[in-house]
Amino acid sequence: MIERNRFLDVLSHVVLMVGVLVVAFPVYVTFVASTHTMQEVVQAPMPLWPGSHAWENYTTALFGDGSGTAPAVGRMMMVSLITALVIALAKISMSLLSAFAIVYFKFPFRMAIFWAIFMTLMLPVEVRIGPTYQVVADLGLLNSYAGLTVPLVASATATFLFRQFFLTIPDELVEAARMDGAGPMRFFKDVLLPLSTSSMAALFVIQFIYGWNQYLWPLLVTTEERMYPVVIGIKRMISGGDAQTEWNIVMATAMLAMIPPALVVILMQKWFVKGLVDTEK
Amino acid sequence: MLIAPQVTVIGLFFFWPALQALLQSLQQSDAFGTSVEWVGFTNFQRLWEDESYLESFQTTAVFSSLVAFLGIGISLCLAYFADRVVRGTLIYRTLLIWPYAVAPAVAGVVWLFLFSPSIGVVSYALNQWGFEWNALLNSRHAMALIVMAAVWKQISYNFLFFLAGLQSIPKSLIEAAAMDGAGPWRRFWTIQFPLLSPTSFFLLVINVVYAFFDTFGIVDAATKGGPGKDTAILVYKVYFDGFKAMDLGGSAAQSVVLMVIVVALTVVQFRFVEKKVNY
């Protein structure tokens, strides 16, 4: 601290507290709404203190209400989890392999492939939804995990990240490995993989969140309820209008949908920050 | 061999569709895809004459500039104070970064609930103060709603980058300025803000990209592009025209326009990265 300034110190904390409160307020209301009965929530103003119906609401949200009218979120959470994990892991392993190939092997069209991967940065899902949908439909992948994940697993940023990282590994290591009689795959497995664990962890956090939060793509490729990820499920629940929507259940679902990625971010904060800074550079 | 999976995926799901989009944008087909004819640039011409498309451009421009400036301004302010406090920076950081993890569509639903005219908590408070809030009817309110939701989600991201930027400014610079008698306000504008300009510019590009593409979920969940078409941003319109209105040629032409925008933004971003090396 450069100088003592009581006023500014207090102001700093006040501003930050206000920031935190404003950021947290929507989620607090969501939580409160998820603990009341539907009648309590739809009256205006709804209570701002947690109610006593949390258990019923969350079990209804997770397992359905028995009559089969409300979709069970448990199933959707599974779909989301599988999708997010597959996307994250597949992205990491595919870009590890391609970066390895690009850096350590000489083969025809190496640079062409590198630039092709680079160009995918410029083609986010949103600008090519129509034709991509057609490809997936033609391959018969609608309503399947493959359809949900495969089109999203190519990653230019991850490939770059690993390429940059591999370029910093000294040649002596490669030579030493070769002297000891290690083939290329052995070198990859025993030298490169252990060295890149921290990059892998950082990427995993980012990609897991990316996969969990996908919205537009699942909206197109899933038409059956059993394949909805939870993010789509929530959206479907509010399509009825204020009167029919069971806001308490919707808000319980919203909480459930937020918790896994938020946990990943908070628990792996160090990797998350590293991942953000690395992938965008 | 090692590179085969990556190449297959990008070929099949990136380049082939992009090519298809280019081709389709030059074609006209009916809703069932039974007849296709080449129409040259008619689709683009129609877009250019289509008032709703031009309006959508305007909406997107308003929306993304609001999101970018509000998001950057608020997070810069928070980051400045977080950098100032002696203890607790890490705690504040933890408390501020988690909205990044919330899915856009979920954020849209949550904000819709807060501001819903009949049951929302905030809209009730606003009405008590004599402010007629109705995002379902008033397009300004609808726009404010999606801007707030989008900014809320993006603050954490900007905050992290600003905080990292501020912490990398050498303390000696600031101490020197303090010795020369510059107060905190003056120091911020003459030292910290100029040194942050690479970060700010980078965030500007990222935020515009975010507002263009990643906010689809927010718009679809909170307003569905309504009331009327007043919050239909470009990406929403591509989706709506292609999948709801079945105008494939028009939708593909819009995709092509979007691609051009992304390419332009990416180029701007990379030129800037080169510049930063010299900085």
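Keep in mind it's a predicted model, so treat the numbers as computed, not measured. (Residues numbered from 1 in each chain as written. Chains lettered and ligands numbered in written order. Predicted model: local features only at pLDDT ≥ 70, side-chain atom pairs only at ≥ 80, totals over all residues.)

## A closer look at the overall build of chain A
Regarding its fold elements, chain A presents 15 helices and zero strands. The buried share of chain A, taken over its 281 residues, is 41%. Nonlocal contacts in chain A, meaning residues at least 24 apart in sequence, comprise 72% of its contacts between residues at least 6 apart. (Helix = DSSP H or I, 4+ residues; strand = E, 2+ residues; numbered from the N terminus. Buried ≥ 20, exposed ≤ 12 C-beta atoms within 10 Å, placed from the backbone. Contact = placed C-beta atoms within 7 Å.)

## Focus: the overall build of chain B
The number of helices and strands found in chain B is 12 helices and two strands. Of the regular secondary structure in chain B, the N- to C-terminal order runs α-β-β-α-α-α-α-α-α-α-α-α-α-α. Among the 279 residues that make up chain B, the fraction classed as buried is 43%. Excluding contacts between residues fewer than 6 apart, the proportion of contacts in chain B whose partners are at least 24 apart in sequence is 69%.

## Examining the interface of chain A and chain B
Contacts between the two partners involve 74 residues from chain A, matched on the other side by 75 residues from chain B. In terms of residues, the side of chain A that touches chain B owes the most to one element, helix H1 (residues 6-33) of chain A, which gives 12 residues. Class assignment for the residues of the side of chain A that touches chain B results in 56 nonpolar, 12 polar and six charged. (Nonpolar A, V, L, I, M, F, W, Y, C, P; charged D, E, K, R; others polar.)

## With respect to the domain arrangement of chain A
The figure often quoted for interface size is the accessible area lost as the parts come together. All names here are of chain A. Taken domain by domain, chain A consists of domain 1 (6-63) and domain 2 (73-280). Listed per partner, the contact involves 15 residues of domain 1 and 12 residues of domain 2. Where the side of domain 1 that touches domain 2 is concerned, the elements lending two or more residues are H1, helix H2 (38-42) and helix H3 (54-63). The residue inventory of the side of domain 1 that touches domain 2, partitioned by class, reads nine nonpolar, six polar and no charged. (Domains from an automatic or database assignment.)

## Quick word on the nonpolar core
Counting 137 residues, the largest nonpolar core has Val106 and Val109 of chain B as the members making the most contacts within it. Here this core gets 16 residues from one element, more than from any other, and that element is helix H7 (residues 139-167) of chain B. Both domain 1 (6-63) and domain 2 (73-280) of chain A contribute no fewer than three residues apiece to this core. The contacts of Val109 of chain B, once residues within four sequence positions are left out, are Ile234, Lys235, Ile238, Val250 and Ala254 of chain A together with Ala221 of chain B. (Core = buried A, V, L, I, M, F, W, Y, C linked by C-beta atoms within 7 Å.)

## Brief notes about the confidence of the model for chain B
Predicted coordinates in areas of low pLDDT are best not read in detail. Looking at chain B, pLDDT values average 76 and 80% of them are 70 or higher. For this predicted complex, the interface confidence comes out at an ipTM of 0.78, alongside a pTM of 0.80. (pLDDT = per-residue confidence, 0-100.)

## With respect to the environment of Arg46 of chain B
Residue placement: Arg46 of chain B occurs in helix H2 (residues 42-49). Sequence separation between Arg46 of chain B and Gly250 of chain B is 204 residues, and the spatial gap between their C-alpha atoms is 8.0 Å.

## Examining the environment of Ile209 of chain A
When you line up the elements, Ile209 of chain A lands in helix H11 (residues 197-212). On the basis of neighbour counts, which here come to 23 C-beta atoms within 10 Å, the residue Ile209 of chain A falls in the buried class. It is 8.6 Å that separates the C-alpha atoms of Ile209 of chain A and Ala88 of chain A, two residues lying 121 residues apart in sequence. Apart from residues no more than four positions distant in its own chain, Ile209 of chain A is found in contact with Pro261, Val264 and Val265 of chain A together with Ala101 of chain B.

## Looking at H1 of chain A
Residues and elements named next belong to chain A. The terminal C-alpha atoms of H1 lie 39 Å apart, and with 28 residues this matches the ideal 40 Å at 1.5 Å per residue to within 8%. Maximal helix bending in H1 amounts to about 40°, located at Phe25; proline Pro26 follows within four positions. Regarding H1, the residues found buried are Ser12, Leu16, Gly19, Val23, Pro26, Thr30, Val32 and Ala33. (Expected span 1.5 Å × (residues − 1). Bend = angle between axes of the 7 residues up to and from the residue.)

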